[in-house]
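# Reading the structure
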Amino acid sequence: MSRDDQPLDLGETELSAQDERRVRREHDLDRPDVFDERNAVEERAAERAELWPEEAAAGSADPEAQAREVLRDSDLRTEVPESAPDTFIERRKPDETT
């Protein structure tokens, strides 16, 4: 099984097992090909494969695969904000700011 066929990782969450199963089903996390197609990951990865300066400095054996992973991770965190709660960004409405 290649990395592209493996279920997407939610990271450590505080979701119950039942809620995690529901989230995985609702967001196609166990079907990465469907997740990728819905989010146009392949098309975006081709554009994103040009490395940013800090990425180029570190090097990459496969810039397109790296781009796919970066985009998947970003899309996953956008669709499922409760994934990887240690990286959760607080979102406020304009009227809630000081």
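In short, a report on the structure.

Calculation rules
Residues numbered from 1 in each chain as written. Predicted model: local features only at pLDDT ≥ 70, side-chain atom pairs only at ≥ 80, totals over all residues. Heavy atoms only, no water. Core = buried A, V, L, I, M, F, W, Y, C linked by side-chain atoms within 4.5 Å. Buried < 20%, exposed > 50% of the residue type's maximum accessible area, 1.4 Å probe, protein only. Contact = heavy atoms within 4.5 Å. Helix = DSSP H or I, 4+ residues; strand = E, 2+ residues; numbered from the N terminus. Expected span 1.5 Å × (residues − 1).

## What about the nonpolar core?
For soluble globular proteins, nonpolar side chains are generally found buried alongside one another. Core analysis: the largest hydrophobic core is formed by seven residues, namely Leu 8, Leu 10, Val 23, Leu 29, Phe 35, Leu 76 and Val 80. Beyond its immediate sequence surroundings of up to four residues, Val 23 is in contact with Leu 10, Leu 15, Leu 29, Val 80 and Glu 82.

## Some remarks on the side chain of Asn 39
On the secondary structure map, Asn 39 appears in the loop between helix H2 (32-38) and helix H3 (41-48). Overall, Asn 39 belongs to the buried group, its relative accessible area being 16%. Once residues within four sequence positions are removed from consideration, Asn 39 is found in contact with Arg 44, Asp 75 and Glu 79.

## Quick notes on helix H5 (residues 63-79)
Its 17 residues give H5 an end-to-end C-alpha distance of 24 Å, which sits within 8% of 24 Å, the value for a rise of 1.5 Å per residue. Looking at the buried positions of H5, the neighbouring elements they touch are H2 and H3.

## Some thoughts on the environment of Ala 67
With respect to the helices and strands, the residue Ala 67 is situated in helix H5. Its relative accessible area of 1% is what places Ala 67 among the buried residues. Each C-alpha atom, one on Ala 67 and one on Glu 47, is 8.6 Å from the other, the two residues being 20 residues apart in sequence. Ignoring anything within four residues of it in the chain, the contact list for Ala 67 reads Ala 45, Arg 48 and Ala 49.

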